[in-house]
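Here is what each chain is made of, one letter per residue.
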Amino acid sequence: VVSMHYIYACYARLFEMLCAGELLLLGTYSILPRMHKLRFNIFLPKKKTNVTQSDFHATLMDRLFSQVESLYEDGARSFLFLTVPPTNRAPEILEQGDYAITTISSALDDYNSQLNSSIAAFNANHTDASAELFDTRPIFNTLLDNADIFGFVNATGFCDAYQNGTPEMTTEEPPCAPVSSYL
């Protein structure tokens with residue numbers, strides 16, 4: 001079992017590397033093929049370029065919606081997209097200071113805005129289909145803003161003993177609280 005902090009930190013690092021132009025979208029793969037056609041992006045390291053963050057997001061949207069178009073051609077008519085959660089609030093980003101927080105925040109806003117616009121364009125061109133956007137940010141922000149109410153002991157840091165995951169949700173390694181109590 002992997003702690004939420006570890007997953008959150010991984011996504012934060014991935015997004016940070018995307019924002020810095022250190023990763024390249026290579027392709028997709030499917031998981032749960034018998035249940036859903038869920039696709040996740042695979043990223044590979046690359047050399048830095050002079051491509052702006054906004055241009056990079058546009059490239060990601062082009063790739064993503066070319067895959068959506070392929071699914072549409074195969075008969076899919078209902079699509080649900082998730083915004084990128086507020087990874088600017090992840091402990092790894094917070095530890096890096098204001099510049100990192102501001103940079104990631106700006107990139108998140110741009111990416112989520114471009115995703116919203118791409119969904120609207122898809123819907124306008126495919127009147128027999130439905131693409132919806134689920135905004136994950138309010139849920140994550142509510143959890144982060146009220147961590148103590150939800151039983152989490154720390155929403156802005158983590159215990160080093162859990163940085164590589166744990167075998168059980170109930171794992172507890174002193175001096176840390178149980179892994180399930182970290183957001």
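Residues numbered from 1 in each chain as written. Predicted model: local features only at pLDDT ≥ 70, side-chain atom pairs only at ≥ 80, totals over all residues. Heavy atoms only, no water.

Of all residues in the protein chain, 73% have pLDDT values of 70 or greater, and the mean over the chain is 76. Mean pLDDT across the elements of the protein chain bottoms out in strand S1 (residues 23-31) (35) and peaks in helix H4 (residues 98-125) (93). Between residues 1-7, whose pLDDT stays under 50, and residues either more than four places distant or in other chains, the model counts 18 contacts. Scored below 50 in pLDDT, residues 23-46 makes 51 contacts in the model with residues more than four places away or belonging to other chains. (pLDDT = per-residue confidence, 0-100. Helix = DSSP H or I, 4+ residues; strand = E, 2+ residues; numbered from the N terminus. Contact = heavy atoms within 4.5 Å.)

On to the packing of aromatic side chains. Counted under the stated rule, the structure contains 4 aromatic pairs. Here the aromatic cluster, defined as three or more aromatic residues joined through ring pairs, consists of Phe 65, Tyr 72, Phe 79, Phe 81 and Phe 122. Its guanidinium or amino end placed over the ring of Tyr 72, Arg 77 lies 3.8 Å from that ring's centre, counting from NZ or CZ. (Phe/Tyr/Trp six-rings, centres within 6.5 Å; stacked < 30°, edge-to-face > 60°. Lys NZ or Arg CZ within 6 Å of the ring centre and 35° of its normal.)

Burial along strand S3 (residues 78-82) is one-sided: the residues Phe 79 and Phe 81 are buried and none of Ser 78, Leu 80 and Leu 82 is. With 5 bridges joining them, S3 and strand S4 (residues 130-134) adopt parallel strand pairing. Bridging across to S4, Phe 79 finds its partner in Ala 131. (Buried < 20%, exposed > 50% of the residue type's maximum accessible area, 1.4 Å probe, protein only. Pairing = 2+ DSSP bridges.)

Tracing the chain through its elements places His 126 in the loop between H4 and S4. At 2.9 Å, the side chain of His 126 forms a polar contact with the side chain of Glu 69. Among residues more than four places away in sequence, those in contact with His 126 are Glu 69 and Tyr 72. (Polar contact = N/O pair within 3.5 Å; in protein donor to acceptor, adjacent residues only side chain to side chain.)

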